[in-house]
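# Architecture and fold: a report
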Amino acid sequence: MPPTATRPAVRTHLRVLRPNPAIPWYLWCAALAVTSAYIGGYWDISWHRSIGRDSFWSPPHIAIYGCGVLAGLSSAYLILTTTLGAHAPLRPVSVGIWGLRGPLGAFISAWGGLAMLVSAPFDNWWHNAYGLDVRIVSPPHMVLAAGFFGINFGTVLLMQAFVNRAEIAARRSLRRLLLYVGGMAVCESLLLKIEYISRSQMHSAAFYAVTVSGTLGIVTALAIASRHRWGATILTSVYALFSVAFLWILPLFPAEPKLGPVYSPVTHFVPWEFPLLIMIPALVTDLILQRTAAWRPLARAPVTGLAFLGTFIVVQWPFAYFLMSPLARNWVFGAGYWDFNTLPSSPYARFEFLPPDTPPQFARGMLIAVLIACAMTYVGLHLGRVLQRVKR
């Protein structure tokens, strides 16, 4: 056959095998939205700890609610273009809700963005009615958190569908972005718990039960869904990197309390503590998941959950002693920071652990932590497998 006869076929074949690896702008917009929410949330907590509440239109609040706006815009674009365009590229992989069509993740993100924006006037009214509220767990904050997790879960679904449909060349970039967004979910899950996971609480059983609640399920599910060998390690690395960045950057900026009483002087923004050492048990989790792929979930879940919890106790328990020592009171480990309304006589300011549990209380608490770790892993394994099949 003449050479010229094969050239068009070769060109066509190459075009088929060379997919466009570019990530659509609306996926970048969704990733920016969840990043904005986490940065704003962490910054807002630091603002409360350093300054108090001086205005609803503070920069952290703008960053938080900017997430709802960004998610709303990207979701609205996907839903409207898919609904109105008979030949829209995502129409064959869309779902129909109330006469509209679009990716399932876009609908969930749109709901999350609406919830976040609804929480804004609710939060402002709450403060005007009840005064300063520096606690994380309050009704408006929970509405806000539900909205954020809606956006985050919707973004994960949207990106997971792209990963599952993508050719090999584009899948690598999409998977990296998926793991980054999943890392934001890990960050937010631990941010919501900071009142219960301080260094003074690290020798209590409740600390370990609270830490694995939710967070271990997220880590396991996205590690399985991503099909990345080191998925759990990457997810927790995102949390560690953001945490140390905040710890080292925020104290560089001046701040002073605008509310009283002021029990401890503050001259700069107060960050949260050094990140929990969950990267190490996450690495162990990845190794176990790699070697137990053929196991049934009923056997795989307890082994993985116990390994995560056991490794976490082994590394975090002695590290808590270090955080209480003078060696940690520097800019690297940040153990010398606390907010303006912390009493100097409190265990936290005196670098002391809270009163220990009695042996029966500790045993019961650790048993609960074990059960939670196994349950979270079991749920994560099943959810991860479900996510592996998402195409819409």
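Residues numbered from 1 in each chain as written. Predicted model: local features only at pLDDT ≥ 70, side-chain atom pairs only at ≥ 80, totals over all residues. Heavy atoms only, no water.

## Digging into the overall build of the protein chain
Counted only if it meets this: A run of H or I in DSSP becomes a helix once it reaches four residues, and a run of E becomes a strand once it reaches two; helices and strands are each numbered from the N terminus. A 1.4 Å probe rolled over the protein chains alone gives each residue an accessible area, and that area as a share of the maximum for its type sets the label: buried under 20%, exposed over 50%, partly exposed in between. Only heavy atoms enter the contact rule, under which two residues are in contact if any of them lie within 4.5 Å.
Of regular secondary structure, the protein chain possesses 12 helices and two strands. The buried share of the protein chain, reckoned over its 392 residues, is 52%. Long-range pairs, those at least 24 residues apart, make up 76% of the contacts in the protein chain between residues at least 6 apart in sequence.

## Topic: the nonpolar core
Going by this rule: What we call a nonpolar core is a set of buried Ala, Val, Leu, Ile, Met, Phe, Trp, Tyr and Cys residues that are connected through their side-chain atoms within 4.5 Å.
Within the largest apolar cluster, 100 residues are counted, with the highest numbers of intra-cluster contacts made by Leu27, Tyr38, Met116, Leu174, Leu276 and Ile278. Element by element, the count of residues in this core is highest for helix α6 (residues 168-191), at 11 residues. When neighbours within four sequence positions are excluded, Leu174 is seen to be in contact with Ile23, Leu27, Phe162, Val163 and Ala166.

## Observations regarding helix α9 (residues 231-249)
Put simply, the rule reads: Multiplying one less than the number of residues by 1.5 Å gives the expected span of a helix.
Over its 19 residues, α9 runs 27 Å from end to end, which matches the ideal 27 Å to within 8%, given 1.5 Å per residue. Across the 19 residues that make up α9, a large majority, 14, are buried.

## So, the environment of Met324
Within the element layout of this structure, Met324 appears in helix α11 (residues 297-324). With near-sequence residues (within four places) excluded, Met324 lies in contact with Arg199, Ser200, Arg329, Phe351, Glu352 and Phe353.

## Section: a nonpolar patch on the surface
Note the following rule: What goes into a patch is any residue over 30% in relative accessible area without a salt bridge, connected to like charges within 9 Å or, for nonpolar side chains (Val, Leu, Ile, Met, Phe, Trp, Tyr), within 5 Å. Surface accessibility in these figures is a Shrake-Rupley result with a 1.4 Å probe; residues are shielded only by whichever protein chains are displayed. For this analysis, a salt bridge means a side-chain nitrogen from Lys or Arg found within 4 Å of a carboxyl oxygen belonging to Asp or Glu.
Together, Trp248, Ile249, Leu252, Phe253 and Trp331 give the surface a local cluster of nonpolar side chains, amounting to about 590 Å² of exposed area. Turning to its location among the elements, Ile249 is positioned in helix α9.

## Description of the packing of helix α8 (residues 215-226) against helix α12 (residues 359-388)
Defined as follows: Think of each axis as a best-fit line through the C-alpha atoms, taken over the contacting stretch in the case of a helix, with angles from 0 to 180 degrees between the N-to-C directions. By the definition adopted for this analysis, an angle is roughly parallel if under 35 degrees, roughly antiparallel if over 145, roughly perpendicular if from 65 to 115, and oblique otherwise. Crossing handedness is defined as follows: a turn of the near helix away from the far one that is anticlockwise and smaller than a right angle gives a left-handed crossing, while the clockwise case is right-handed.
Contact geometry of α8 with α12 gives a least axis separation of 7 Å together with a crossing angle of 30°. Between α8 and α12, the angle falls in the class roughly parallel. Between α8 and α12 lies a crossing whose hand is right-handed. When α8 is examined against α12, the residues Leu216, Gly217, Thr220, Ala221, Leu222, Ile224 and Ala225 are found in contact with a partner set consisting of Ala373, Met376, Thr377, Gly380, Leu381, Leu383, Gly384, Arg385, Leu387 and Gln388.

## Observations concerning the confidence of the model for the protein chain
The condition that has to hold: For every residue, the predictor assigns a confidence score, pLDDT, that lies between 0 and 100.
Looking at the protein chain, pLDDT values average 85 and 88% of them are 70 or higher. Here residues 1-20 is modelled with pLDDT under 50, and outside its nearest four sequence neighbours on either side it reaches four contacts, counting other chains as well.

## Structural notes on the packing of aromatic side chains
Just so we agree on the cut-off: Geometry of aromatic contacts follows a simple scheme: Phe, Tyr and Trp rings, the Trp one being its six-membered ring, pair when their centres are within 6.5 Å, and the pair is stacked under 30 degrees between planes, edge-to-face over 60, tilted otherwise.
Counted according to the given criterion, the structure contains 25 aromatic pairs. Plain terms: the ring middles of Tyr38 and Phe246 are 5.8 Å apart, the flat faces sit at 65° to each other, and that makes the pair edge-to-face. Of the two residues, Tyr38 sits in helix α2 (residues 25-50) while Phe246 sits in helix α9, which places them 208 residues apart along the sequence. As far as the burial class goes, Tyr38 and Phe246 line up, both buried. When the centroid spacing of 4.1 Å and the interplanar angle of 15° are considered together, the rings of Tyr42 and Phe246 count as stacked. With Tyr42 in helix α2 and Phe246 in helix α9, this residue pair connects regions lying 204 residues apart in the sequence. Overall, Phe246 belongs to the buried group, its relative accessible area being 11%. Put simply, the rings of Tyr38, Tyr42, Tyr180, Phe242 and Phe246 touch in pairs and so form one group of aromatic residues.

## Description of the packing of helix α7 (residues 205-212) against α12
Threshold: Throughout, the ten residues Ala, Val, Leu, Ile, Met, Phe, Trp, Tyr, Cys and Pro are labelled nonpolar, Asp, Glu, Lys and Arg are labelled charged, and all others, Gly among them, are labelled polar.
At a minimum axis separation of 8 Å, α7 and α12 run at an interaxial angle of 10°. Taken as axis vectors, α7 and α12 run roughly parallel relative to one another. Along the contact surface, α7 presents Ala205, Tyr208, Ala209 and Val212, while α12 presents Phe362, Gly365, Met366, Ala369, Ile372, Ala373 and Met376. In terms of residue class, the contact of α7 with α12 is made up of 10 nonpolar, one polar and no charged.

## A closer look at the side chain of Ser36
Here Ser36 is to be found in helix α2. Beyond its immediate sequence surroundings of up to four residues, Ser36 is in contact with Ala63, Ile64, Gly66 and Cys67.

## Topic: the pattern of salt bridges
For side chains of opposite charge, pairing can occur when their charged atoms come near one another. One pass over the structure, following the stated rule, counts three salt bridges. The partner of Asp339 in a salt bridge is Arg49, with the nearest N and O atoms 3.5 Å apart. On the criterion of sequence distance, the pair formed by Asp339 in the loop between α11 and α12 and Arg49 in helix α2 is long-range, its members being 290 residues apart. The shortest N-O distance in the salt bridge between Arg199 and Glu273 comes to 3.6 Å. Linking Arg199 in the loop between α6 and α7 with Glu273 in the loop between α9 and α10 (279-291), this pair joins segments that are 74 residues apart in sequence. Comparing Arg199 with Glu273, the two get one shared label, buried.

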